[in-house]
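Structural overview for review
Each chain, written out:
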Amino acid sequence: DTAVSQTPKYLVTQMGNDKSIKCEQNLGHDTMYWYKQDSKKFLKIMFSYNNKELIINETVPNRFSPKSPDKAHLNLHINSLELGDSAVYFCASSQGNSYNSPLHFGNGTRLTVT
Amino acid sequence: TQLLEQSPQFLSIQEGENLTVYCNSSSVFSSLQWYRQEPGEGPVLLVTVVTGGEVKKLKRLTFQFGDARKDSSLHITAAQPGDTGLYLCAGVTNAGKSTFGDGTTLTVKP
């Protein structure tokens, strides 16, 4: 009965490769997000989708492309991986996207680029 | 860019002590949320404060939103080892965009 689940939990890959992270939520929420947490634990928003429509797109390299096939899924594809992409990536969801919409996070995907 | 600074960044205390964590910004937010994150897991929401000056209590945790809605504090009374974790504040705009603070790592020793 996991609320927000993302796979894989760990991802180790070499520079230049392309990889994807999948996220699914069973909370019935209409908004989903991708966050990146760096080695200093700083959590920064990357993308946000509301009802499959992109509503937040922070300054993220074009190598990162989110895809939302439906409200319950938001996947993240990364092309040409670089060392600096190593981080923990969190998927999150919320009902609505107002100031009163708490975020429900998955348990993260630790990406290591060698 | 809206920045939130948390202090202290690291805090190590003995069980039973009290502590306060601060979250400060120069920007006004529509709400302020506090999350707690444990190793290997995602952040979990503790509370949302919306009104300037609002105080919310969650057992031994007391949260306050500043009058000007730019800052917040989290006070823990009689800390326990189970309180150990990374505490994150997040300022939220009217459009629902969350900006997270740089975190406070709390260790409570038995």
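Description of the structure in this document. (Residues numbered from 1 in each chain as written. Chains lettered and ligands numbered in written order. Predicted model: local features only at pLDDT ≥ 70, side-chain atom pairs only at ≥ 80, totals over all residues. Heavy atoms only, no water.)

Quick word on the interface of chain B and chain A
Operational definition: Contacts between residues were defined by any pair of non-hydrogen atoms, one from each residue, lying within 4.5 Å. As used here, buried area is the combined drop in accessible area, with a 1.4 Å probe, of two parts when they are placed together. By salt bridge we mean one thing: a side-chain nitrogen of Lys or Arg within 4 Å of a carboxyl oxygen of Asp or Glu. Throughout this description, a polar contact denotes any pair of N or O atoms lying within 3.5 Å of each other; where both atoms belong to protein, one of them has to be capable of donating a hydrogen while the other can accept it, and for residues adjacent in sequence the pair is counted only when both atoms sit in side chains.
Listed by partner, the interface residues are 24 residues for chain B and 22 residues for chain A. Of the roughly 1700 Å² buried at the junction of chain B and chain A (both faces included), carbon and sulfur atoms supply 56%. When the area that chain B buries against chain A is broken down by residue, the three leading residues are B:P43, B:K97 and B:F100, summing to 27%. Between B:K97 and A:E58 there is a salt bridge whose closest N-O contact spans 3.0 Å. Between chain B and chain A we count six residue pairs in polar contact (both at pLDDT 80 or more) in total.

Considering the pattern of salt bridges
Just so we agree on the cut-off: Secondary structure elements follow DSSP: runs of H or I no shorter than four residues count as helices, runs of E no shorter than two count as strands, and numbering proceeds from the N terminus. Three labels apply to residues, based on accessible area from a 1.4 Å probe with only protein chains included: buried if under 20% of the type maximum, exposed if over 50%, partly exposed otherwise in between.
If you walk through the whole model with that rule in mind, you get six salt bridges over all chains. With a shortest N-O distance of 3.5 Å, A:E82 and A:R63 are connected by a salt bridge. Placement of A:E82 in the loop between β8 (73–78) and β9 (87–94) and of A:R63 in the loop between β6 (53–57) and β7 (64–70) is noted, with a sequence separation of 19 residues between them. B:E38 is the salt-bridge partner of B:R36, the closest N and O atoms lying 3.0 Å from each other. Here B:R36 falls in the buried class, since its relative accessible area comes to 18%. Through salt bridges with shared partners, one network takes in A:R63, A:E82 and A:D85.

Describing the state of the cysteines
Two cysteines joined by a covalent bond between their sulfur atoms form a disulfide. So the rule is basically this: Any cysteine sulfur atom paired with another within 2.5 Å is treated as part of a disulfide.
With the rule as written, the count across this model stands at two disulfides over all chains. A sulfur-sulfur distance of 1.8 Å marks the disulfide that ties A:C23 to A:C91. Between A:C23 and A:C91, the S-S torsion sits near -75 degrees, and that sign places the bridge as left-handed. On the criterion of sequence distance, the pair formed by A:C23 in strand β3 (residues 19–25) and A:C91 in strand β9 is long-range, its members being 68 residues apart. With its sulfur 2.0 Å from that of its partner, B:C23 forms a disulfide with B:C89. Judged by the sign of its S-S torsion, about 75 degrees, the cystine formed by B:C23 and B:C89 is right-handed. In this pair, B:C23 sits in strand β3 (residues 19–25) while B:C89 sits in strand β9 (residues 85–92), placing the two residues 66 residues apart along the sequence. B:C89 gets classed as buried once you look at its relative accessible area, which sits at 0%.

Quick word on the sheet that holds strand β7 (residues 61–65) of chain B
All names here are of chain B. As a reminder, the rule being used: For two strands to count as paired, DSSP must find a minimum of two bridges between them. Angles run from 0 to 180 degrees between N-to-C directions of axes, and those axes are lines fitted to C-alpha atoms, restricted for helices to the stretch in contact.
Pairing is antiparallel in the open sheet, where five strands are placed in the order β1-β3-β8-β7-β6. On the outer flanks of this sheet lie β1 (4–7) and β6 (55–58), each paired with one strand and no other. Within this sheet the neighbouring strands show an average axis-to-axis angle of 15 degrees, counted without direction. Pairing analysis gives five bridges linking β7 to strand β8 (residues 71–76), with the strands arranged antiparallel. Its bridge partner being in β8, L61 is matched across the sheet by I76.

With respect to the packing of aromatic side chains
For any pair of aromatic rings, the description consists of the separation of the ring centres together with the inter-plane angle of the planes. Heads up, the condition is: Two rings from Phe, Tyr or Trp (for Trp, the six-membered ring) form a pair when their centres sit within 6.5 Å of each other. Planes less than 30 degrees apart are called stacked, planes more than 60 degrees apart edge-to-face, and all others tilted.
Tallied over the full model, the rule gives nine aromatic pairs over all chains. With a centroid separation of 6.2 Å and 40 degrees between ring planes, the pair formed by A:Y33 and A:Y35 is classed as tilted. A:Y35 shares its class with A:Y33; the two are buried. Here B:Y35 and B:F100 contribute two aromatic rings whose centre-to-centre distance is 5.5 Å and whose plane-to-plane angle is 50 degrees, an arrangement assigned as tilted. Pair noted here: B:Y35 is in strand β4 (residues 31–37) and B:F100 is in strand β10 (residues 98–100), with a separation of 65 residues, a long-range link. According to the relative accessible area criterion, B:Y35 is buried, its value standing at 0%. A relative accessible area of 2% means that B:F100 is categorised as buried. Through a chain of ring-to-ring contacts, the aromatic side chains of A:Y33, A:Y35, A:F90, A:F105, B:Y35 and B:F100 assemble into a single cluster.

A few points about the side chain of B:Q37
Tracing the backbone through its elements, the reader meets B:Q37 in strand β4. Looking at B:Q37, its side chain comes within polar contact range of the side chain of A:Q37, at 3.0 Å. If we ignore the near neighbours within four places in the chain, the residues touching B:Q37 are A:Q37, A:F90, B:G42, B:P43, B:G85, B:L86 and B:L88.

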